[in-house]
Amino acid sequence: MITEAMIAEAAEKLYTSALIDLPDDITARMKQMRDLETSELARFQLDKLLENAELAKKKNGPICQDTGLSSYKVKVGMEAEINGDIAEALSKGTAKGTGSLPAIPHSVHPVTRQNTGDGTGRKVPLLSWEYVPDCSYLEITARPIGGGGDLCSAIKMFTGSTSFSEVKKFILDTVAEAGCKPCPPMVIGVGLGGMFETVNQLAKEAYSRPLTVRNEDPVIAAAEEELLGLINQLGIGPMGLGGDTTCLAVNIEYGNTATYILPVAVKIGCWDVHRKTARLYNDGTIEYL
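This section reports on the structure supplied with the text.

So, how was this worked out
- Residues numbered from 1 in each chain as written.
- Predicted model: local features only at pLDDT ≥ 70, side-chain atom pairs only at ≥ 80, totals over all residues.
- Heavy atoms only, no water.
- Pairing = 2+ DSSP bridges.
- Helix = DSSP H or I, 4+ residues; strand = E, 2+ residues; numbered from the N terminus.
- Axes fitted to C-alpha atoms, helices over the stretch in contact; angles between N-to-C directions.
- Contact = heavy atoms within 4.5 Å.
- Polar contact = N/O pair within 3.5 Å; in protein donor to acceptor, adjacent residues only side chain to side chain.

## Here we look at the pairing of strand β10 (residues 276–281)
Stage number 1. The sheet contact formed by strand β5 (residues 137–142) and β10 spans six bridges and is antiparallel. Note that in β10 the partner of Ala142 across the bridge is Lys276.
Stage number 2. Where β10 and strand β11 (residues 286–288) come together, three bridges link them in antiparallel fashion. Considered in β11, the bridge of Ala278 is made with Tyr288.
Stage number 3. Here β10 folds back onto β11, and the loop between the two strands holds four residues, one of which, Gly284, carries a positive phi near 95°.

## Overview of the sheet that holds β5
Stage number 1. The mixed open sheet is built from five strands, whose spatial order is β4-β2-β5-β10-β11. The open sheet terminates on both sides in strands that have one partner only, identified here as β4 (126–132) and β11. With strand direction ignored, the average angle separating the axes of adjacent strands in the sheet is 20°.
Stage number 2. Pairing geometry for strand β2 (residues 71–77) and β4, over seven bridges, is parallel. Its bridge partner lying in β4, Lys75 is registered against Glu130.
Stage number 3. Along the sheet, helix α4 (residues 86–100) contacts β2, β4 and β5; its crossing angle with β2, the most-contacted strand, is approximately 140°.

## With respect to the side chain of Ser71
Stage number 1. By secondary structure assignment, the location of Ser71 is in strand β2.
Stage number 2. Side chain to side chain, Ser71 and Lys204 meet in a polar contact 2.5 Å long.
Stage number 3. With residues near it in sequence (within four places) discarded, Ser71 still touches Leu126, Thr141, Ala142, Arg143, Pro144, Ile145 and Lys204.

This is the structure in structure tokens:
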């Protein structure tokens, strides 16, 4: 049986480790880009960012003070035996992790700006759900979202007759306008299609995808590679100091849309990507992936 206590335990560990440990694919891409970088200053800056990540792991502290809002993707196996409120357990685990790390609590009321003090609150953690047939475990991925990148993110509702070249220009203009503000090198998640209510979720899914994975649609995969090359020609560079490494990856997720519209969302995030996953099984075990 998967209990509420198990879920809370997993949430605390996933939330804190996501803020401390840089994913392996991000580290590998950073090192790859450093070796290809032609600017000495940019190479120096990339080395310092990697050193910062190592120090965070050694000292068991957050890589960055922008710990953002807690966010989880939950895959619910249809054969999983769950006893308890998943959302409540994730909230409890987040609150405990915020205090034990400690992490700066960033969850505030949108008007009064009153801070709850524990990283949770109304509609926080942010949750997305997927139901998986023929599966007997609960999979939880913590992916805290920093606010710095979101300040520079954008959505635009194009008409259905819009050429894809115009869409690419919007993506490039959004990144160029962001400049050094989101602490590059960036990871860019792009959502295409769906509706206003879903295109941002597509962009978030894209941003959360490992950098080693290209979209399975060859047309979309080609666009990912083209946009990455174009963005890195902007010359913004690591932390805005110039160079060839403005972006680590452009990931695109898409869904069919209505004939007369083309929603596009650009989710900008810095190099400090947060994601950690665990699976909880009916026999009471937790596997951290």
